[in-house]
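Coordinate inspection notes
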Amino acid sequence: MNTVNPTIASDLQSRERPEGLPPAFHLMAKPIGPICNLDCAYCFYLKKEEYYPEKHSWRMTDEVLEAYVRQYIEAQQTNDVNFAWQGGEPTLMGVDFFRRAVELQEKYRRPGMRILNAFQTNGTLLDDEWGEFLHEHHFLIGISIDGPPRLHDRYRLDKGGKPSSGRAIRGLRMLQKHKVEYNILCVVNALNGDYPLDVYGYFKQLGAQFIQFIPIVERIDETRVSKRSVRPEQYGRFLCKIFDEWVLNDIGQIFVQIFDIALEAWLGFVPSLCVFNETCGDAMIIEHNGDIYSCDHFVFPEYKLGNLMEDPLEQMVASPFQRGFGTDKRDALPGQCRECEVRFACNGGCPKNRFRNASNGESGLSYLCAGYKRFFKHINEPMQMMAHALNAGRPAASIMPLMRPGKPLPAKPVGRNAPCPCGSGKKYKQCCLRG
């Protein structure tokens, strides 16, 4: 197995790092830029072609790829390094591009370092060759599906205006066939936002275990959003309905990202998702030509940090501008948010959605505030119960039967052979402990 030269590795570990560089940071790669074989109505990234008007080829070159892999690995102070590939549609690069990426990762990784890869795809181009490669190299795949065909195909059409759901599901089945780890990414919009249980039930029917629900918020001016955008209260209801189904039946079987992140907050941990963290700025993107931007949602000229073919990646990540970009999320929080009872779980949401005024006229309130507040208040009691169970040495799933009135959680951990606290009459090891 190839590894980086030990002398070089030692030098990398001992050399002085730029002040302000975080111990670990994330860099999402756009190897094909905004190019995609679909024409999803709500895709904010397809419009980024305007920033590269002279561009004829959007493929990341081997020179840029190697510089990216080398500098990204060198800058990390962790043994787990995550490479994320997005687009556009990254499968348009072909399998050989990713074979080369894996080869370069192996070339530059330090001894003891584990390289992880993930990419987001619409799934329409996945075939057996992709399935075999992704399984062999342990890629984690996010596949975009917005629910049953009648909901998915409203906004996710191809360049010819044809529906994409059938091809996306074929791609999902290809991942399942080759035992590739995957999660479903669902964009919650004004249409599917009215059908939470249809969407959730469909994903369960497909066999999904890991699901992300991402709200679409499309600004058309300073205060208004598109008709496709999910409404704040609608998003809150959507999450609450799915949570109520999940908390009764699916804890430990289905993993919904926002539920997991919320549980972190109720356990007293720092939320691991930048959207709900107090600060951000540690998740940047690299464009196909090596340009680095502050965030995937801020690919605008004023947020360009530089180009790694000209500027060291470490310096861009640690730059005062980027560190300020991250702390502004906390420092610009309006007073209404600072005093909110669910601030510990929400932290004002993503800065890109903070364009509403608070009740006192102060700027910087999240467009999704009403939805977040409704959701986080709604889940408070079961989240406390799950946190209690975990702290007492029981699985979170043990609360499912205890959601019925009059079934208080025991104060102490339950022995494996003791009667299950849910009242089933079975031993704990044969009942809720298995959950």
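On a predicted model such as this, the values are computed, not experimentally measured, just so you know.

1. Focus: the overall build of the protein chain
Along the backbone of the protein chain there are 15 helices and twelve strands. In the protein chain, which comprises 435 residues, the share counted as buried stands at 52%. Put simply, the protein chain shows about 20100 Å² of open surface, and 50% of that area lies on carbon and sulfur atoms.

2. Quick notes on the packing of helix H8 (residues 232-249) against helix H15 (residues 380-391)
The interhelical angle for the contact between H8 and H15, taken along N-to-C directions, is 35°, at an axis separation of 11 Å. Taken as a pair, H8 and H15 cross one another with a handedness that is left-handed. The residues of H15 that touch H8, namely those facing Phe-243, Trp-246 and Val-247, are Pro-382, Met-383 and Met-386. Its residues assigned to classes, the contact of H8 with H15 shows six nonpolar, no polar and no charged.

3. Considerations on the pairing of strand E1 (residues 26-29)
Two elements, E1 and strand E8 (residues 283-286), share four bridges in a ladder whose sense is parallel. Each residue of the ladder has a partner; that of Leu-27, found in E8, is Met-284. One ladder, built from two bridges, connects E1 with strand E2 (residues 80-85); its direction is parallel. If you follow Ala-29 over to E2, its bridge partner there is Trp-85.

4. Brief notes about the packing of aromatic side chains
The final tally for this structure, using the stated rule, is 38 aromatic pairs. Site record: aromatic cluster; members linked through ring pairs are Phe-25, Tyr-68, Tyr-72, Phe-83, Trp-85, Phe-97, Phe-98, Phe-119, Trp-130, Phe-133 and Phe-139. The ring of Tyr-195 carries Arg-150 above its face, with NZ or CZ at 5.1 Å from the centroid.

5. Describing the pattern of salt bridges
Counting across every chain of the model gives 25 salt bridges. Here Glu-66 makes a salt bridge to Arg-100, at a shortest N to O gap of 3.7 Å. Taken together, the residues Glu-66 in helix H2 (residues 62-75) and Arg-100 in helix H3 (residues 95-108) connect sequence positions 34 residues apart. Of the residues examined, Arg-100 reaches a relative accessible area of 24% and is grouped as partly exposed. The salt bridge involving Glu-66 is made with Lys-107; its shortest N-O contact spans 2.9 Å. Taken together, the positions of Glu-66 in helix H2 and Lys-107 in helix H3 put the pair 41 residues apart, joining distant regions of the chain.

6. Notes on the sheet that holds strand E3 (residues 114-121)
The ten strands are arranged E7-E6-E5-E4-E3-E2-E1-E8-E9-E10 in an open sheet whose pairing can be described as mixed. The sheet is open, and its two borders are formed by strand E7 (255-256) and strand E10 (304-307), each paired with just one other strand. Across the sheet, H3 is in contact with E2 and E3; its angle to E2 comes to roughly 160°. Set on the sheet, H8 makes contact with strand E5 (181-188), strand E6 (210-215) and E7; between it and E6 the angle comes to about 165°.

7. What about the packing of helix H7 (residues 196-206) against H8?
Put simply, H7 and H8 touch, their axes get as near as 8 Å, and they point 45° apart. Judged by the angle between their axes, H7 and H8 are oblique. In the crossing of H7 with H8, the sense of the turn from one axis to the other is right-handed. Residue-level inspection shows Pro-196, Leu-197, Val-199, Tyr-200 and Lys-204 of H7 in contact with H8, the latter providing Phe-238, Lys-241, Ile-242, Glu-245 and Trp-246. Classifying every residue of the contact of H7 with H8 gives seven nonpolar, no polar and three charged.

8. Quick notes on the side chain of Asp-146
Along the polypeptide, Asp-146 turns up in the loop between strand E4 (140-144) and helix H5 (149-155). In this structure, Asp-146 is buried with no salt-bridge partner, the nearest side chain bearing the opposite charge being Arg-156 at 4.6 Å. Side chain to side chain, Asp-146 and Tyr-42 meet in a polar contact 2.6 Å long.

9. Description of unusual backbone geometry
Here Gly-87 and Gly-88 are connected by a cis peptide whose omega angle stands at 10°. Assignment of secondary structure puts Gly-88 in the loop between E2 and H3. If you check the backbone angles, Lys-179 has positive phi at about 55° while not being a glycine. By the element assignment, Lys-179 lies in the loop between helix H6 (165-177) and E5. Backbone geometry places Asn-347, a non-glycine residue, at a positive phi of 55°. Looking at the element boundaries, Asn-347 is found in the loop between helix H13 (343-346) and strand E11 (356-357).

10. Here we look at the confidence of the model for the protein chain
The predicted model of the protein chain has a mean per-residue pLDDT of 90, with 87% of residues at 70 or higher. Taken as a whole, residues 1-15 scores under 50 in pLDDT and shows 19 contacts with residues more than four places along the chain or in a different chain.

11. Looking at helix H9 (residues 257-266)
Counting buried positions along H9 yields seven of ten residues, so the element is predominantly enclosed. When we look at burial in H9, the residues that qualify are Ile-258, Phe-259, Ile-261, Ala-262, Leu-263, Ala-265 and Trp-266. Looking at the buried side of H9, the elements it contacts are H8, E7, H13, helix H14 (369-378) and H15.

12. Some details on helix H4 (residues 128-136)
Restricting attention to buried positions, one finds in H4 the residues Trp-130, Gly-131, Phe-133 and Leu-134. Lining the buried residues of H4 we find H3, E3, E4 and H6. Sitting at the head of H4, Asp-127 places a side-chain oxygen 3.2 Å from the backbone nitrogen of Glu-129. In the stretch just after H4, His-138 is the one whose phi turns positive, near 60°.

13. Quick look at the side chain of Ser-229
Checked against the element boundaries, Ser-229 lands in the loop between E6 and H8. In this structure the side chain of Ser-229 is engaged in a polar contact, spanning 2.8 Å, whose partner is the backbone nitrogen of Glu-218. Among the polar contacts listed, one links the side chain of Ser-229 to the side chain of Ser-226, at a separation of 3.1 Å. The contact partners of Ser-229, leaving out residues within four places of it in the chain, are Ala-190, Ile-216, Val-217, Glu-218 and Tyr-367.

What counts, and at which threshold
Residues numbered from 1 in each chain as written. Predicted model: local features only at pLDDT ≥ 70, side-chain atom pairs only at ≥ 80, totals over all residues. Heavy atoms only, no water. Helix = DSSP H or I, 4+ residues; strand = E, 2+ residues; numbered from the N terminus. Buried < 20%, exposed > 50% of the residue type's maximum accessible area, 1.4 Å probe, protein only. Areas by Shrake-Rupley, 256 points an atom, 1.4 Å probe, with all protein chains shown as cover. Axes fitted to C-alpha atoms, helices over the stretch in contact; angles between N-to-C directions. Left-handed = near helix turned anticlockwise from the far one by under 90°. Contact = heavy atoms within 4.5 Å. Nonpolar A, V, L, I, M, F, W, Y, C, P; charged D, E, K, R; others polar. Pairing = 2+ DSSP bridges. Phe/Tyr/Trp six-rings, centres within 6.5 Å; stacked < 30°, edge-to-face > 60°. Lys NZ or Arg CZ within 6 Å of the ring centre and 35° of its normal. Salt bridge = Lys/Arg side-chain N within 4 Å of Asp/Glu carboxyl O. Parallel < 35°, antiparallel > 145°, perpendicular 65-115°, else oblique. Lys, Arg positive; Asp, Glu negative; His and termini not counted. Polar contact = N/O pair within 3.5 Å; in protein donor to acceptor, adjacent residues only side chain to side chain. pLDDT = per-residue confidence, 0-100.

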